[in-house]
Every structure is written in C-alpha cells, then in structure tokens.
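Listed here are the chains, written in short residue letters.
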Amino acid sequence: MKKNMITGSKLWSIAMITSLLAACSSPATTSTTANAATSTTGTTKTVSVSEQTSVKYADLVSLDADDTNISWSEADSTAIKLNGTTATVTGSGAKAANGSVTISEAGTYVLSGELTDGQIVVNVADKGTVHLVLNGATIHDNDSAAIYIQKASKAVITLEKGTKNTVSDGKTYVYADATTDEPDAAIFSKADLTFNGAGQLTVTGNYNEGITSKDDLKIISGSISVKAADDGIKGKDMVAIQAGTITIEAEGDGIKSTNDTDTTKGYVSIAGGTFDIQSGNDGIQAETALVADGGTYNIVTGGGSANAPAKVEEGPFGGGGGGGWGGGTPPTDMGTPPDGEPPADMPEMPNNSGTNAGANTNGAAASNSANTTTTDNNADADTATTATESTSAKALKAGTDLTVNGGTYTIDSMDDSLHSNNNVTVNDGTFSIESGDDGIHADQALTINGGTITIAKSYEGLEGAMITLNDGDVDVTASDDGVNAAGGETETAANTAASTDSATTATDAATTSNISVTETTGTTSTTDQASQGTAVNQQGRGPGGMGGAAASNNEFHINGGSLTVNAGGDGLDSNGSINMTGGTVIVNGPTNSGNGALDYDGTFEISGGYLVAAGSSGMAQGTSDASTQNTIVMTFPATQKAGTLVHVQDSEGNNILTFAPAKDYQTVVVSSPDLAKDGSYVIYSGGTSTGKAVDGLYTDGTYSGGTQVVAFQSTSNVTWVNESGVTTANTGMGGPGGGGGQGGFGGGRNRSQSGTTSESTGTTDSAK
C-alpha cells in the first residue's frame, strides 16, 4: 500500500489547497442510501440488520420416485451388451447399428461391457422415464458425446453397486454443419438428468465438458469423478446434489448452473456429499442462488491463492471515497505537512501509471460481479454472449444469494473464496480459507449467524456493503483490510424518496433485502445515512474528508460471536458506520501509520461486548461519544514490540485488559462493560501473566512484573490517554477518506461535537 508522496513544501501546499477546495465545493450532504425506501411522513423507523431467513436444499429441490429408483430386474429391462465397436441388444426399445445404440422407448436399459468408439443415444418421443443402468460399462466416442440424451421426458442413470463405469469422448467433435454446436460433453442431455446408485463413474470430457444437462441435473448418490477440458458438471436450470462422492478436475468451472433468463432457475443446491474440486475457473458457480446445507469440500481454484495477481491499491490513501481533510480542523500552516515532515511509513501518493485495473481499492467493494467465467468454447445457443469476459476463479460463487447452512470447507482460491453478486449468509459450517482476493465477499449484505471461519490468507477478509456478525467464531488474516464495509448499489436519498412515500413500501423493501425495520419515534436512527453524512465532526471519529468524504450508507454490525483480525491495512474499515452490541472483537492492526486498527467515516457506537484493537498511531480512532459503553484509547510514547503485554486495571486492581498484540503497536483501544465513565485506571506495559491467552487475550491468571505507564481518571465515555495522562483525541495526520472516491488526508480528531445525531422534528423511514 505504498504510494508516491510529494514532499516539497510548496507542492504540499498546492496539494492540500486543491484537496480543500475540491472538498469544500461538494454538496453539504453527500451520503446516499442503498436499497433504501424513504418516507417523509409517518413515524420514524430505526433500521437494524436482522438474521436473514435460511434457505435450505429442501426449499429448492423436490425429488420424485424416479430420482431415487435404483432397482431393476432382468425380466423387466432390456440388456445392452457392449463389445468393441458393436453392441448386442436383448429386449425391446433399443437398436444397435453402426457401432451405436439408439433407445427409442421409455423403460429400463442395463449396459455392460465396452464400447470403444460408439454412442448411446436416447431419442424417445413419448412420455416416460428412460432408466439407464451402468453395470460395469465403458463407453467412448471419438468424435461426439458418448451418452447423448437427445430427447426424453427424463433420464436417470443408475450406477450399479460394486461396479466401475467409464464414459469419455475425443478431443474433436464432428457436427452435421457449421451451425451445430451440441452435444459438447461426454455425457450430454437435453432433458432432466439424474444420477443415483452406489457404483463408480469416471467421466472424461476431452473435447469440452464432462457432464451437461440443458434442464435439471440431479445427483442423488454414487461416486463420480470428472475430468474436463472446460466445465466439469453443468446443469442449465439447476444442479441439485443430495449426496455422493464427487471429484472434479476441470479447466473451466467445477460445478455450475447457467439459466440467466429465469430468476427461479439457474441455482445450485447441495444437501451433502464429499467434494474434491480443482478448477481453472470457479469451483461451484450458480447463475442465481447457491445453497449448501452440508458436505465436505476441498476446493482449489485457478491454481490457488499463490497464483493470484498482485494487488495494487488505486487512489490517494486508498482511493475511492471523498478526499480532503476529514472532519477535524486542518493544519493552519500549509507550507509544511502537519507535524513536520511526513512519517517514513506514510503511504505514498500514486503516480497513476501502471495501475492494475483489476486491483481492489480501499473503499470500493471489490465486486467481481462483472468477472464471470471465461466464455465457453462452444457456448449454448440460448446463453451465448458476445461480451468479452474475464476469468473468475472463485470457490463458491452465486449470482444472487449464497447461503451456507453447514459443512466443512477447505478452500484455496485464486479469487474470492465465497462470493455473491448480492447477499452472502453463513448460518453454520467450518471454513479453512486461503484466498488470493477476498475471503468472503458480498456485493450487498454479508451476514454471519454461526460457524467457525478461519481465513488464513486474503487480500481483504470480509467485504460487503453491509456486514453483520450475529454469532460464530471468525479469524481473519488479511494483507489489506480485515473487514471492509464498502461498496454496494447506491441510490441518492432524493431519488429514493421520490420513488416511494409509504411505510408499507419501506417495510417491503426491507423484507426483500433481509433488513428489518423497527418502529421508533422522536429521533432519527443512528443508522440514518443522511444524518451520518452531515455529522462528520465527532470526537474519536477518524479519517474521512471534508464534504466529499462524508459517511456512506455502508455499515458493520457486531451483535455477538467472536472476531479476530490480523490486518496489514485497516483492521475494521467501514465507509459508513460501525455498531457493536455484543461479542468479542480482537484487532491486530497495521504497523504503518497509513492505516488504522479502526477506520470508519460515520460513527462507531458501542453498547456491549468486548473490543480490543492494537495498531499504529498515525490514523488511530476510538469509538464515538454517542456510545453507551466506555472506551480507553492509549497511545504509547514509542512503538511497542509484538508480544509485549499491555495491561489495564482499575484502582482496586481488577483486570480490565491483559493483551499481547501479535504485531508491533503504539495505540491500543479497549472497550469493556467493566469500564466506568469516571473510573480510575492504571496502564502497564510488559510483564507476564499466569493465565492462558486466546488470540493474545488473557481472561484469567495473575498479571505481574510490568512497568506502569500512566495512572488516570477517565473523564468521558471515550478517554484518550498517553504517558502524561488524559489528553485530547488524536490530532495528528488523519486517515484516508475510506473508499469510494478520491481519498485524501483524513481529518484530525480534535472534535467539538459529540457522536449523537440531532433530534428530528419530522419523521423518516429508512430501510436499506
């Protein structure tokens, strides 16, 4: 996150004056509302984030008797014995000719033996199900699909228990004319296709895809291994997997659905199973919804996270958002930088050359919604596109909503590990993630209701326009921001108000975006983004910018669970506000002063839970004065080495904090229910503890041997202290205007206003 910085005093003056003029020319209120409905009549609504309704496999997938039928008998079936380039048919409904077998009637067909160059064709005009039983069959076609379901009401392929079956095609296909481009998979079906049974199936798609259905594709059971030149398993209207062992090695996507014309279709729904997927592009991709109730997943995409392109941050100080000095009073002497020369570790100003266009920026959500999978060599006629598409190598990817209800996931992805162009909801599951980009990314709402999530490697750990942690254990390691509430579809408040004027509409909008609206009266909600946009001067508030850097409608809510962050950039970053009501949050923030352990453009209101955030001092922020839980922000006179204990106790010796940061630090923020507004406290550095640390935080044992740094009496609900005692909020270099625009120097922290929003005489409905 280095940027070239102009250090000459005259150039500095020009840059600062330009930033200030640009900021001052901005409208007074610049915040916008995303997915919001706003009413100027009726009672005021307080917007809050609720747990999103869980969608499960059973809500999307229904099975009939044919899907689960694995039984057959010789008396009630037709036997097809394969032998080299010929086949023998015993029974009715099928004929062998020219090395291929054509099935023309519904019924059960049992295939065994080996066909070295031929095709099984299903062409049934009447209604009924064609039941193919692979009973130790090897089928290969040199120039077309080995199994081609050309026409049928439905086809079911049963893998007979105890058998090994193989289906493959050649590297080139011969079509009737230049306009024909299907079949294009080793197993290709124009009808609904179901796999069941307890046998094994190995599919090799040398030409293009392994298994394709132009309608529904269901896997009920069985052991299926697919190797494909492009996509492994593809269903147009749906891919539904109830159980089984699935191994995929694909140059394109591992598993995907493709219907982009019907919003009720194009989904992937998984109840369980064991998955081992190595794909050049996405591991599992749904055009619409992706739902996983359970299963065990090992997914590697694009060669893994080590193969990810280098990230280059655009824009001054994280680029993106509004520029200028945020909130506080800028230095009066513009001839030299504030506090003399810029710190040695200050991010450099960009030279705007050689910028990686695909790189993430600090503040704009790094949505890859436009980065879909590479165009198929032989795209379906009804889904073909002339657009040039860039490679997407995400592990789990949904076009609309991604819902994980359980399962065990081991992911090494070149791109995002979990990604949705809309919402991501994690209700449960165990995740071990290494990502070359975001660990979990949602263009809109990211909600975590449970589970154990370990993101051991990422560019940004959690990213979404609105992020909510209700429960679960989350551990994030990120080279840039640990948590980034940024981006999302925006709409101006004026346009939103014009589009709707009723509380009913507001409620409907909230329902569709999984956001609850709770009725209150008298004052505007602290999550009212118009209020946030104007209330930029708040003590303890951090970097932002004049005018253009007003807070956005992005929000990060922490209501429970645990979150541990180790970030090279900002620890917790919100282009709007942060709200914490419960849970435990531990942040090991940046060691450079160009970022902060906490970075928000609106407010950070805390009313419950336990927060400790350690990092550099240059961009340090505390919580907002509007908080009902008290906070101490301690700045040490010099950088403390990683592992050096910081200990806070009250005047009676009761432990408030004993913490060993994982990295070098100079500022520590602690907020606890045990802190009193007028309490007396002592801060120590160094020493030891007999307790057991979890993520560096000691919750028991006895502390001893440290050096007293300062003793003080807290004076407000956000108390800033240094080695000399209580001081004012950080007045050094402010932080970057958090993403979304030009960035710039964030404001100082000398605030005259508290963090409370003003009382409203009118009423507002705001459902984001």
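Predicted model, so just to flag it, every value in this text is computed and none were measured.

### Quick word on the pairing of strand E38 (residues 473-478)
Thought 1: Burial along E38 is one-sided: the face carrying Val474, Val476 and Ala478 is buried and the face carrying Asp473, Asp475 and Thr477 is not.
Thought 2: As paired elements, strand E36 (residues 452-457) and E38 share four bridges and run parallel to each other. Paired with Ile453 across the two strands is Val474, which belongs to E38.
Thought 3: By the bridge criterion, six bridges tie E38 to strand E43 (residues 562-567) in an arrangement that is parallel. Following the sheet pairing, Ala478 is matched in E43 by Ala567.

### As for the confidence of the model for the chain
If pLDDT is low for a region, its predicted coordinates should not be looked at in detail.
Thought 1: Model confidence for the chain is summarised by a mean pLDDT of 78, while 70% of its residues fall at 70 or above.
Thought 2: In this model, residues 1-51 is a region of pLDDT below 50 whose contacts with residues beyond four sequence positions or in other chains number 167 contacts.
Thought 3: The model gives residues 732-768 a pLDDT under 50, and that stretch makes 192 contacts with residues more than four places away or in other chains.

### Looking at the pattern of salt bridges
Thought 1: By the definition in use, this model includes 12 salt bridges.
Thought 2: A salt bridge links Glu209 to Lys234, with the shortest nitrogen-to-oxygen separation between them at 2.9 Å. One end of the pair, Glu209, is in strand E17 (residues 209-213); the other, Lys234, is in strand E20 (residues 233-235), with 25 residues separating them in the sequence.
Thought 3: One salt bridge connects Lys311 with Asp437, and the closest N-O pair in it is separated by 3.2 Å. One end of the pair, Lys311, is in the loop between strand E28 (296-301) and strand E29 (396-398); the other, Asp437, is in the loop between strand E34 (430-435) and strand E35 (438-448), with 126 residues separating them in the sequence.
Thought 4: On the accessibility criterion, Lys311 (26% relative accessible area) is partly exposed.
Thought 5: Where salt bridges share partners, they join Asp64, Asp67, Lys154 and Lys218 into one cluster.

### Observations regarding the pairing of E43
Thought 1: In this sheet, strand E46 (residues 584-588) lies alongside E43 in parallel orientation, the contact comprising five bridges. When the bridges of E46 are listed, Leu563 appears paired with Val585.

### Some details on the environment of Asn449
Thought 1: Structurally, Asn449 can be placed in the loop between E35 and E36.
Thought 2: In this structure Asn449 comes out as buried when scored by relative accessible area, which is 11%.
Thought 3: Along the chain, Asn449 and Asn427 lie 22 residues apart, while their C-alpha atoms are 4.7 Å from each other.
Thought 4: Separated by 2.8 Å, the side chains of Asn449 and Asn427 make a polar contact.
Thought 5: A polar contact of 2.8 Å, which involves the side chain of Asn449, links it to the side chain of Asn470.

### Some thoughts on unusual backbone geometry
Thought 1: For the peptide bond that leads from Glu182 to Pro183, omega is 10 degrees, which places it in the cis range.
Thought 2: Structurally, the position occupied by Pro183 is in the loop between strand E13 (164-169) and strand E14 (185-189).
Thought 3: Despite not being glycine, Asn98 has its phi angle at roughly 55 degrees, a positive value.
Thought 4: Here Asn98 shows up in the loop between strand E6 (94-97) and strand E7 (100-103).
Thought 5: When its relative accessible area of 83% is taken as the criterion, Asn98 is described as exposed.
Thought 6: A positive phi angle, close to 55 degrees, is found at Asp695, a residue other than glycine.
Thought 7: With respect to the helices and strands, Asp695 occurs in the loop between strand E56 (693-694) and strand E57 (697-698).

### Notes on the environment of Phe195
Thought 1: Considering the arrangement of structural elements, one finds Phe195 in strand E15 (residues 192-197).
Thought 2: In this structure Phe195 comes out as buried when scored by relative accessible area, which is 1%.
Thought 3: Taking the C-alpha atoms as reference points, Phe195 and Ile224, 29 residues apart in sequence, are found 9.3 Å from one another.

Definitions and cut-offs
Residues numbered from 1 in each chain as written. Predicted model: local features only at pLDDT ≥ 70, side-chain atom pairs only at ≥ 80, totals over all residues. Heavy atoms only, no water. Buried < 20%, exposed > 50% of the residue type's maximum accessible area, 1.4 Å probe, protein only. Helix = DSSP H or I, 4+ residues; strand = E, 2+ residues; numbered from the N terminus. Pairing = 2+ DSSP bridges. pLDDT = per-residue confidence, 0-100. Contact = heavy atoms within 4.5 Å. Salt bridge = Lys/Arg side-chain N within 4 Å of Asp/Glu carboxyl O. Polar contact = N/O pair within 3.5 Å; in protein donor to acceptor, adjacent residues only side chain to side chain.

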